[in-house]
Amino acid sequence: MSTTTERTQTHATFVLERDYTAPVDKVWAAFADPDVKKQWFGGGDFEDVEVSEDFRVGGISINNGTMNGHRSEFRATYTDIVERERIVYVYDMWDDGVHASTSITTVVLEPTDGGTHLTFTEQGVHLDGVHGPGPEAAAGREHGTGWLLDRMAGVVERS
């Protein structure tokens with residue numbers, strides 16, 4: 001019987017775009033202000049265990065919790081912030097203690113006549129996570145990120 005574990009990695013990139021009927025300042029605050037961010041980042045059945053936010057270049061963002069009996073851990077480091085224009089961060093995810101992925105994310109905000117255009121680009125490697133590596137994990141990440149960006153609309157588009 002072999003004790004060797006097969007290791008896999010799948011690289012994936014996705015780009016999501018959203019138009020919000022809110023000014024850039026409000027959309028920016030959804031990332032930069034911890035009180036605003038906690039209104040959309042996570043949520044649903046996600047129960048917070050540890051949350052902290054240090055929104056500055058070199059700062060760390062942590063969002064760990066449980067959902068449906070599984071532990072999820074998110075740890076990001078901000079590498080570039082251009083006020084009200086661009087955010088770049090690198091983050092790792094763990095599923096039930098197993099390193100699931102490492103990603104680099106770029107968020108670009110552009111003012112429009114009706115509010116703000118957001119472009120969210122993520123490039124990642126999906127590893128031997130609890131929920132499996134491969135295209136399914138990458139597609140799940142894209143779907144979950146889209147869900148979060150849609151939740152953000154409910155926060156930033158409030159009067």
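Residues numbered from 1 in each chain as written. Predicted model: local features only at pLDDT ≥ 70, side-chain atom pairs only at ≥ 80, totals over all residues. Heavy atoms only, no water.

Colleague: What am I meant to see in the overall build of the protein here?
Modeller: Broken down by element type, the protein carries three helices and seven strands. What you see in the protein, going N to C, is helices and strands ordered as β-α-α-β-β-β-β-β-β-α. In terms of overall size, the protein behaves like a compact globule, its C-alpha atoms giving a radius of gyration of 16 Å where 159 residues would be expected to give roughly 15 Å. Each of the three principal axes of the protein carries a C-alpha extent, and together these read 65 × 30 × 25 Å. (Helix = DSSP H or I, 4+ residues; strand = E, 2+ residues; numbered from the N terminus. Rg over C-alpha atoms; globule rule 2.2 N^0.38 Å.)

Colleague: It is not clear to me how the sheet that holds strand β3 (residues 60–67) should be interpreted in this structure. Could you clarify?
Modeller: The strands making up a sheet associate through backbone hydrogen bonding, with each pair oriented either parallel or antiparallel. Taken together, the seven strands give an open sheet; going across it, the order is β1-β7-β6-β5-β4-β3-β2, and neighbouring strands pair in antiparallel fashion. Each edge of the open sheet carries a strand with a single partner, namely β1 (10–20) and β2 (47–53). In this sheet, neighbouring strand axes are inclined to one another by 15° on average, regardless of whether the strands run parallel or antiparallel. Pairing of β3 with strand β4 (residues 70–82) involves eight bridges; the strand directions are antiparallel. (Pairing = 2+ DSSP bridges. Axes fitted to C-alpha atoms, helices over the stretch in contact; angles between N-to-C directions.)

Colleague: In this structure, what is going on with helix α1 (residues 24–32)? I would like to understand it.
Modeller: Turn by turn, an α-helix covers 3.6 residues, leaving residues three or four places apart pointing in a common direction. When we look at burial in α1, the residues that qualify are Val24, Val27, Trp28, Ala30 and Phe31. End-on view of α1: buried residues confined to an arc of 150°, all on one side of the axis. (Buried < 20%, exposed > 50% of the residue type's maximum accessible area, 1.4 Å probe, protein only. Arc of directions from axis to C-beta.)

Colleague: I'm lost on unusual backbone geometry in this one. Help?
Modeller: The phi angle of most residues is negative, glycine excepted, and most peptide bonds adopt the trans form. Phi at Asn68 is positive, roughly 55°, even though this residue is not glycine. Along the chain, the position of Asn68 falls in the loop between β3 and β4. Exposure remark for Asn68: the relative accessible area of 62% places this residue in the exposed category. Even without glycine at this site, Arg84 takes up a positive phi of about 60°. Along the polypeptide, Arg84 turns up in the loop between β4 and β5 (86–95).

Colleague: I tried to follow the environment of Arg84 on my own but got confused; where do I start?
Modeller: Its relative accessible area of 35% is what places Arg84 among the partly exposed residues. Between the C-alpha atom of Arg84 and that of Tyr20, which follows or precedes it by 64 residues, the distance is 14 Å. Residues in contact with Arg84, not counting those within four places in the same chain, are Val24, Asp25, Trp28 and Leu109. Here the side chain of Arg84 touches Asp25 through a polar contact of 2.5 Å, side chain to side chain. There is a polar contact of 2.4 Å between the side chain of Arg84 and the side chain of Glu83. (Contact = heavy atoms within 4.5 Å. Polar contact = N/O pair within 3.5 Å; in protein donor to acceptor, adjacent residues only side chain to side chain.)

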